[in-house]
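For reference, the chains in residue letters:
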Amino acid sequence: MVEFTILAGGFAQFIATYLFDSEAGSLTLVKRNPAGENPSWIASHPKNSSILYAVNEISPVGNLQSFLVDSDGGLNLVDTATSGGNGPTFTNPLSTGEVTAMNSIFLSEMGLQTRICLLSTMGGDKIWRLVRDGAPGNFKVQGQINVDAGSGPRHIAIHDNVLFIVSETVSTLTAMEIPPAPNGTASPLIANISTIPPNSLNAKFAAAEILISTPTSQFPDPLIYVSNRNLGPEFDPRGDTIAIFEFKKTSTDTVTNRASANKKKMLRRPPRDIQTSVTSTSRLSLIAQVPTGLKQIRSMSLGPVTSGGDEFLVAGANVDGGVAMFRRANGGRYLIEVARNEQIASRTSFVFV
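Residues numbered from 1 in each chain as written. Predicted model: local features only at pLDDT ≥ 70, side-chain atom pairs only at ≥ 80, totals over all residues. Heavy atoms only, no water.

**Details of the overall build of the chain**
Working step 1: Regarding its fold elements, the chain presents zero helices and 27 strands.
Working step 2: Within the span of the chain, comprising 353 residues, buried residues form 54% of the whole.
Working step 3: Counting contacts in the chain only where the partners sit at least 6 residues apart, residues at least 24 apart contribute 50% of the total.
Working step 4: For the chain, the exposed surface amounts to about 14,900 Å²; the carbon and sulfur share of it is 49%. (Helix = DSSP H or I, 4+ residues; strand = E, 2+ residues; numbered from the N terminus. Buried < 20%, exposed > 50% of the residue type's maximum accessible area, 1.4 Å probe, protein only. Contact = heavy atoms within 4.5 Å. Areas by Shrake-Rupley, 256 points an atom, 1.4 Å probe, with all protein chains shown as cover.)

**Overview of the pairing of strand β25 (residues 323-329)**
Working step 1: The buried fraction of β25 is high, at six of seven residues.
Working step 2: Both strand β24 (residues 312-320) and β25 contribute to a ladder of five bridges, which runs antiparallel. Along β25, the bridge assignment pairs Gly-316 with Val-323.
Working step 3: Hairpin connection from β24 to β25: two residues lie between these consecutive antiparallel strands, with Gly-321 at a positive phi of about 125°.
Working step 4: Pairing of β25 with strand β26 (residues 334-341) involves seven bridges; the strand directions are antiparallel. Bridge pairing links Ala-329 to Tyr-334 in β26.
Working step 5: Here β25 folds back onto β26 in antiparallel fashion, the turn holding four residues, of which Asn-330 has a positive phi close to 55°. (Pairing = 2+ DSSP bridges.)

**So, the sheet that holds strand β14 (residues 153-159)**
In a beta sheet, neighbouring strands pair by backbone hydrogen bonds and run either parallel or antiparallel.
Working step 1: Taking strand neighbours across the sheet as the criterion, the four strands line up as β14-β15-β16-β17 in an open arrangement whose pairing is antiparallel. For this open sheet the edge positions go to β14 and β17 (189-194), each flanked by a neighbour on one side alone. Neighbour-to-neighbour, the strand axes of the sheet open up by a mean angle of 15°, direction not taken into account. (Axes fitted to C-alpha atoms, helices over the stretch in contact; angles between N-to-C directions.)

**So, unusual backbone geometry**
Residues apart from glycine generally show negative phi values, whereas peptide bonds are mostly found in trans.
Working step 1: Each neighbour pair has its own omega, and for Ser-59 with Pro-60 the value is 0°, a cis peptide bond.
Working step 2: Following the sequence through the fold, Pro-60 ends up in the loop between β5 (51-56) and β6 (63-69).
Working step 3: Cis geometry marks the peptide bond from Gly-232 to Pro-233; its omega dihedral reads 15°.
Working step 4: Structurally, the position occupied by Pro-233 is in strand β19 (residues 223-233).
Working step 5: For Asn-161, which is not a glycine, the phi torsion comes out positive at approximately 65°.

**Quick notes on the pattern of salt bridges**
Working step 1: Overall, the coordinates contain 13 salt bridges when judged by the stated rule.
Working step 2: With a shortest N-O distance of 3.2 Å, Asp-72 and Lys-31 are connected by a salt bridge. Of this pair, Asp-72 sits in the loop between β6 and β7 (75-82) while Lys-31 sits in strand β3 (residues 26-34), placing them 41 residues apart in sequence.
Working step 3: Overall, the relative accessible area of 42% leaves Asp-72 in the partly exposed class.
Working step 4: The partly exposed category is assigned to Lys-31, whose relative accessible area is 25%. (Salt bridge = Lys/Arg side-chain N within 4 Å of Asp/Glu carboxyl O.)

**Regarding the nonpolar core**
Working step 1: By size, the foremost hydrophobic cluster in this structure holds 19 residues, and its most contacted members are Tyr-225, Ile-242, Ile-244, Met-300, Leu-313, Ala-315 and Leu-335.
Working step 2: At the level of secondary structure, the elements contributing two or more residues to this core comprise β19, β20 (241-249), β22 (282-291), β23 (295-302), β24, β25 and β26.
Working step 3: Apart from residues lying up to four places away in sequence, Tyr-225 is in contact with Glu-209, Ile-210, Leu-211, Ser-213, Ile-242, Ala-243, Ile-244, Met-300, Leu-313, Arg-328, Gly-332 and Leu-335. (Core = buried A, V, L, I, M, F, W, Y, C linked by side-chain atoms within 4.5 Å.)

**Comments concerning the packing of aromatic side chains**
Working step 1: Tallied over the full model, the rule gives six aromatic pairs.
Working step 2: Each ring, one from Phe-164 and one from Phe-247, has its centre 5.4 Å from the other, and the planes form 85°; the classification is edge-to-face. Note that Phe-164 is positioned in strand β15 (residues 162-167) and Phe-247 in strand β20, a separation of 83 residues in sequence. Here the two residues Phe-164 and Phe-247 agree in accessibility, since each one is buried.
Working step 3: Connected via pairs of aromatic rings, a cluster forms that spans Phe-4, Phe-20, Phe-312 and Phe-352.
Working step 4: Lys-295 extends its terminal NZ or CZ atom over the ring of Phe-235, reaching a point 4.3 Å from the ring centre. (Phe/Tyr/Trp six-rings, centres within 6.5 Å; stacked < 30°, edge-to-face > 60°. Lys NZ or Arg CZ within 6 Å of the ring centre and 35° of its normal.)

**Remarks on the sheet that holds strand β4 (residues 41-44)**
Working step 1: Pairing is antiparallel across the open sheet formed by four strands, whose spatial order is β4-β5-β6-β7. In this open sheet, the two strands that pair with only one neighbour each are β4 and β7. Averaged over all adjacent pairs, the angle separating strand axes in this sheet is 25°, with direction ignored.
Working step 2: As defined by bridge partners, β6 adjoins β7 across seven bridges and the pair is classed as antiparallel.

In structure tokens:
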């Protein structure tokens with residue numbers, strides 16, 4: 001029997017603990033840990049999984065909390081600090097030991113040696129480049145990477161010196177080479193692809209989270225997972241989707257192809273024809289849209305590579321549908337639901353411990 005303990009934040013007054021039994025295919029709610037109001041985003045310490053951080057997404061000023069995680073997934077509060085701003089939506093512990101609490105913006109650490117950070121501003125349509133400014137905890141803006149006006153860059157991730165941007169307002173996944181400092185607005189786009197599933201709904205979509213898998217012997221290709229939130233007013237009974245993309249280097253030019261699937265239905269399996277946008281050296285391809293049964297899916301998390309947990313992906317609903325566990329199939333190119341727990345309708349962030 002292989003069991004995984006998962007912590008889940010959300011818009012309530014607790015962080016939930018779940019136990020996933022991969023052999024039995026069960027996902028059990030173990031406890032609800034008091035964590036203040038709206039611990040919507042949680043993150044684990046990069047070197048010590050027994051330390052957890054959470055932001056309280058509240059007004060007029062939010063909080064950053066730290067907890068110790070005990071052996072059964074319970075939480076013990078260590079400290080609480082103000083975020084210094086309204087409604088912090090994100091926290092990201094850095095490899096330096098510093099911990100961020102981001103008020104409506106998202107941060108990705110770019111380089112361990114240079115200590116450069118990239119920070120997306122959804123309302124500002126730019127990605128700030130931050131560098132150290134003296135003592136630990138102090139940073140300054142060194143430059144920026146501009147994106148299309150009105151696109152709303154929400155989350156970012158980096159792989160092989162390529163910056164991947166999920167834009168909420170226009171629901172796209174964009175890839176570009178990381179430009180040189182300080183400003184870097186000259187690098188051409190590698191790709192800019194819609195994340196919206198084929199549909200005929202009267203609905204507005206908003207892309208949310210991005211994950212990039214770590215290559216292993218079982219899953220040798222790094223794949224990109226993007227969650228699609230359907231904000232309505234019309235909803236698909238199969239729930240929101242997770243779009244799966246593949247990024248590959250190639251030495252040949254190709255052209256943009258669009259999936260030929262019936263646009264009145266969301267895809268149940270990878271389409272034969274794929275949507276591809278390329279340069280002469282790289283290719284980004286949409287390979288699947290997987291319905292999740294979740295309403296307004298927000299965050300996702302892959303299991304730990306060290307224990308083989310990366311075979312699984314957990315996702316939750318911001319409105320309804322609870323928490324769903326998926327097994328990565330076909331080398332990670334598709335997802336198959338193996339367990340679901342709906343005792344708590346809404347969970348918005350996850351950490352495997």
